[in-house]
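If you want the building blocks of each chain, they are given just below.
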Amino acid sequence: MTTDLEQAPANPPEPTEAPPKLAAGPAALIGVLALAAALAAGHLVAAFVGIKASPYLAVGNAAVDATPAWLKDFAAGTFGTADKTVLLGGMAVVMVVLAVVAGLVSRTWAWPGQAIIGVFGAVGVAAVVTRPDLGQFAVIAPVASLVTGVLVFRGLHHAALAQGISSPSRRRFLFAGVAVGAGLAGGAGQWIGSQDAEASRDALGPLVPTRVAPPIPPDADFARLGTPTFLTENHDFYRIDTALVVPQIPAEGWRLRLHGMVDREITYTYDDIRRRPLVERVVTLCCVSNPVGGPYISTAKFIGVDLADLLNEAGVRPGAEQLFSTSADGFTAGTPVSTVLDPGRGAMLAIGMNGEPLPIEHGFPARLVVPGLYGYVSATKWVTELEVTTWDAQQAYWLHRGWAEQGPIKTESRIDAPHGSVPPGRVGIAGIAWAQHTGIAKVEVRLDNGPWQEATLSANVTDDAWRMWWAQVQASPGSHTVTVRATDRSGYTQTDQVADVVPDGATGWHTINFVAQ
Ligand SMILES: Nc1nc2c(c(=O)[nH]1)N[C@H]1C(S)=C(S)[C@@H](COP(=O)(O)O)O[C@H]1N2
Ligand SMILES: [Mo]
């Protein structure tokens, strides 16, 4: 196509052989239009592959990550919560200036501007591929930007050169068309992207409870001796569900319908819940399919509202037995109404976890949390419906599949350290014990079937959470076994009877082997 330019136009305007040249205004406009088209195309594609892959946002996020801490503090202090807006606005100004430059250096030939737009695009691609939190298709968005930017720049440049002199009105029409097209594509991307749960979650900001949980004392865990940390980070929190594809529900579109054996049916929006006084509670969740010594147990500060308050607002009718909860993906759980209504129980409709809105895979926008009950009978994630009913009228998901109707968490304990081999002599043994909503009273360990020895317990944060323990044993060179058992505050000592996880949770003492050498 450069041949069009090299072979002089049909009616050369001047006797000199100078190639045709665009006026500065249209040249600059071409740069800006190509930029707009590129960003809009990337934004639209990102709406489908994850809105964070939008090159504009990705470059902005990369800039935030690359910003030194002192500058972040300065920006946050100076601009307050507007710091993101200032950043994105500043980026827009820089980009428009560079786009104008791209146009102005391309008044005769398209390639310098194309090269500048291409470098822009490459920065967008780099910002997306270096982000760990974007999927494998995310790169399509900045590539779409790059290709669109280069092609639009080149196309407009050629059209303007060919028509500019003869038909300025056609050029104006073409420019306006590109501007409108970019506006529509960007707007569509923005709208589709806002249907995205991740974007919705990001926009919510931190959740601030009215009643915060008391601070966790430093001696709540023995992490240095091998136990887990008292609170589990959200990304380390165990995850169990039947969802192949995690339900994506933007908070704005979420509704919770409370109905059944109630005086009045109520439908809550996310804002309805968020505007209520929020409570924060430390709760250890545990899965019924956790084998003895297994990993499916974690602790978080959950933020939400009392489930009992919602039920009381609706007015529970006499004869109600089961709170049957349904998730957006069809999972169901059945919880005793008496447990939910028990004022001391602290059953929650949770919207936050460790200060943040619930992570998507842990039930965003909202889930149930009932201290003391296994997850399969209580902890419905992505919950959209609560029906007050009887046990006969509705059967929850796992009931059909051989699991028990009632799922109180069993008092259990686990050894986390040592593993493998240790030097002989005094050996530290450490682990966790749990009896949610009852509390742990005592943990004992035993070396090689010797006498039981009482372990030291960590600070008791709440009876609804796990408790850490540690002990020392004297180990001669050779291989050894250690066994643990817990006693809860009701006086019950963990049975050594081995039971499978089906139908209502595993039992048995956890035993490990280690070698002293
Ligand atoms: N929608 C939905 N909610 C669910 C489940 C599920 O499969 N689907 N599994 C339950 C089970 S068995 C457990 S143990 C907990 C686990 O919650 P977590 O993944 O946040 O740890 O969620 C419960 N809520
Ligand atoms: Mo579970």
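The coordinates are above.
Note that the coordinates shown come from a computational prediction; the quantities given were computed from them, not determined experimentally.

Asker: Just to check I follow, could you spell out the site of ligand 1 for this structure?
Answerer: Neighbouring ligand 1 are 18 residues, the closest being Tyr-238, Thr-242, His-362, Arg-367 and Lys-381. A distance of 2.6 Å is found between an oxygen atom of ligand 1 and a backbone nitrogen or oxygen belonging to Tyr-238. Take Arg-367: an N or O atom from its side chain is 2.7 Å from an oxygen atom of ligand 1. Surface burial for ligand 1 is 98%, taken as the share of its 530 Å² of free accessible area covered by protein chains. Here the residues of the shell around ligand 1 sort into 8 nonpolar, 5 polar and 5 charged.

Asker: Would you mind going over the environment of Val-282 with me for this structure?
Answerer: Its place among the elements puts Val-282 in strand S3 (residues 279-286). The exposure class of Val-282 is buried, given its relative accessible area of 7%. Taking the C-alpha atoms as reference points, Val-282 and Asn-312, separated by 30 residues in sequence, lie 23 Å from one another. Discounting residues that sit within four places of it in the chain, Val-282 has contacts with Ala-213, Ile-216, Phe-230, Leu-231, Thr-299, Ala-300, Lys-301, Thr-462, Asp-464 and Ala-465.

Asker: What is the right way to look at unusual backbone geometry in this model?
Answerer: For residues other than glycine, phi is negative in most cases, and the peptide bonds are mostly trans. Geometrically, the link from Phe-364 to Pro-365 is a cis peptide bond, its omega value of 5° lying close to zero. The topology assignment puts Pro-365 in the loop between strand S8 (356-357) and strand S9 (367-369). The amide bond that connects Ala-417 to the next residue, Pro-418, takes the cis arrangement and shows omega of 5°. Within the secondary structure layout, Pro-418 lies in the loop between strand S11 (412-417) and strand S12 (421-422). Even without a glycine there, the phi angle at Asn-354 is positive, about 50°. Note on placement: Asn-354 falls in the loop between strand S7 (348-353) and S8. The phi dihedral of Asp-448 falls on the positive side, at around 45°, and the residue is not glycine. Following the sequence through the fold, Asp-448 ends up in the loop between strand S14 (440-447) and strand S15 (453-454).

Basis of the calculations
Residues numbered from 1 in each chain as written. Chains lettered and ligands numbered in written order. Predicted model: local features only at pLDDT ≥ 70, side-chain atom pairs only at ≥ 80, totals over all residues. Heavy atoms only, no water. Near = heavy atom within 4 Å. Polar contact = N/O pair within 3.5 Å; in protein donor to acceptor, adjacent residues only side chain to side chain. Areas by Shrake-Rupley, 256 points an atom, 1.4 Å probe, with all protein chains shown as cover. Nonpolar A, V, L, I, M, F, W, Y, C, P; charged D, E, K, R; others polar. Helix = DSSP H or I, 4+ residues; strand = E, 2+ residues; numbered from the N terminus. Buried < 20%, exposed > 50% of the residue type's maximum accessible area, 1.4 Å probe, protein only. Contact = heavy atoms within 4.5 Å.

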